[in-house]
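Results of the structural survey
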Protein chains: 2
Amino acid sequence: MTSTPLLEHPFDAFNAHCPSRRLLDAIGDKWTSLVVVALGVHGSLRYTELFKRIDGVSQKMLTQTLRNLERDGLVTRTVTPTVPVGTDYALTPLGDSLLGLLRLLKEWAEEHMGEVDDARAAHDARTGG
Amino acid sequence: MTSTPLLEHPFDAFNAHCPSRRLLDAIGDKWTSLVVVALGVHGSLRYTELFKRIDGVSQKMLTQTLRNLERDGLVTRTVTPTVPVGTDYALTPLGDSLLGLLRLLKEWAEEHMGEVDDARAAHDARTGG
DNA sequence: CGGGATCCCCCGCGATACTG
DNA sequence: CAGTATCGCGGGGGATCCCG
């Protein structure tokens, strides 16, 4: 009772075996952020629409990413039993709570790309030249 | 001039060949966020200190992560030529501009771990049981 | 259309040993 | 102390085929 503040949650991603480490990994996954941001922009998307928008993803990885997101409660999967089948994906409130962060992350990467390129050029000039 | 807003930067991570895609990948890297957040918390850290704080990382991956961050201009590497050698790592202003986001991401993972666990349990009960 | 199943290759990554 | 070099494997992930 000497040093346990009540408001502190018990998770710490610095600890290898903390579940939040796995969650952090999942978020950082190559395709996760793009899928979430895409769904955030368009509200709800068909499988094929996602596939077209996220350039370079394979069907396997898109499906796998969506399954993980669904399992973690970040996206919903709604199947419309028409012929042929239609499937819509959308963010849950939980997924929506993450959207802002991932969108900022994507925007940060795009905004600071120039500075990073400069740093790389300077570093490569120092090292390789 | 019909559809080229001046304020829009030319990068788009949805495009597979856009450099910002690679940057986004780098940020999402398994160890990057933890390294940046650790440096943000402590200001400046020795290699060994980082190694101890980031549980589960191997020497190889820590070094590799630090080299990439240095190359991208996000961290500085300062060698003190004592015997034995001492090396300090710290965030650059650019790295510092990313720190807030990554810290929020880590905190999001820790705060919402419970909800994600619930979603997983519910999903697994539906699927597996 | 929206996937699941399978095959297979590549390389990310850990473990270990060595160096300035 | 702060790395580099090398080896070896496990699985991530693409390609392909098939199915409801």
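In this text, all values refer to a predicted model and were calculated from it rather than measured experimentally.

A short note on the nonpolar core
Among soluble globular proteins, nonpolar side chains are generally buried collectively. Counting 66 residues, the largest nonpolar core has Leu50(A), Leu105(A) and Leu50(B) as its most contacted members. Every residue in contact with Leu105(A), bar those within four places of it in the chain, is listed here: Leu24(B), Ile27(B), Leu98(B), Leu101(B), Leu102(B) and Leu105(B).

Observations regarding the protein's contact with DNA strand D
Not every one of the 15 residues close to DNA strand D is listed here, only the nearest: Ser58(A), Lys60(A), Thr48(B), Arg77(B) and Tyr89(B). In DNA strand D, atoms within 4 Å of the protein come 68% from sugar and phosphate. Here Val85(B) contributes a backbone N or O atom positioned 3.4 Å from a sugar or linking oxygen of DNA strand D. Among the secondary structure elements, those contributing two or more residues to the surface near DNA strand D are helix 4 (59-71) of chain A together with helix 3 (47-53), helix 4 (59-71) and strand 3 (86-91) of chain B. Tallied by class, residues from the surface near DNA strand D come to five nonpolar, six polar and four charged.

Some thoughts on the sheet that holds strand 1 (residues 44-46) of chain B
All names here are of chain B. The three strands lie next to each other as 1-3-2, forming an open sheet whose pairing is antiparallel. Two strands in the sheet have a free side with no partner beyond their single neighbour: strand 1 and strand 2 (75-80). Between one strand axis and the next, the sheet turns by 25° as a mean value, whatever way the strands run. With six bridges connecting them, strand 2 and strand 3 associate as antiparallel partners. Pairing of Val79 across the sheet is with Thr87, part of strand 3. Packing against the sheet, helix 4 makes contact with strand 2 and strand 3, and its axis sits at approximately 110° to strand 2.

Definitions and cut-offs
- Residues numbered from 1 in each chain as written.
- Chains lettered and ligands numbered in written order.
- Predicted model: local features only at pLDDT ≥ 70, side-chain atom pairs only at ≥ 80, totals over all residues.
- Heavy atoms only, no water.
- Core = buried A, V, L, I, M, F, W, Y, C linked by side-chain atoms within 4.5 Å.
- Buried < 20%, exposed > 50% of the residue type's maximum accessible area, 1.4 Å probe, protein only.
- Contact = heavy atoms within 4.5 Å.
- Near = heavy atom within 4 Å.
- Polar contact = N/O pair within 3.5 Å; in protein donor to acceptor, adjacent residues only side chain to side chain.
- Helix = DSSP H or I, 4+ residues; strand = E, 2+ residues; numbered from the N terminus.
- Nonpolar A, V, L, I, M, F, W, Y, C, P; charged D, E, K, R; others polar.
- Pairing = 2+ DSSP bridges.
- Axes fitted to C-alpha atoms, helices over the stretch in contact; angles between N-to-C directions.

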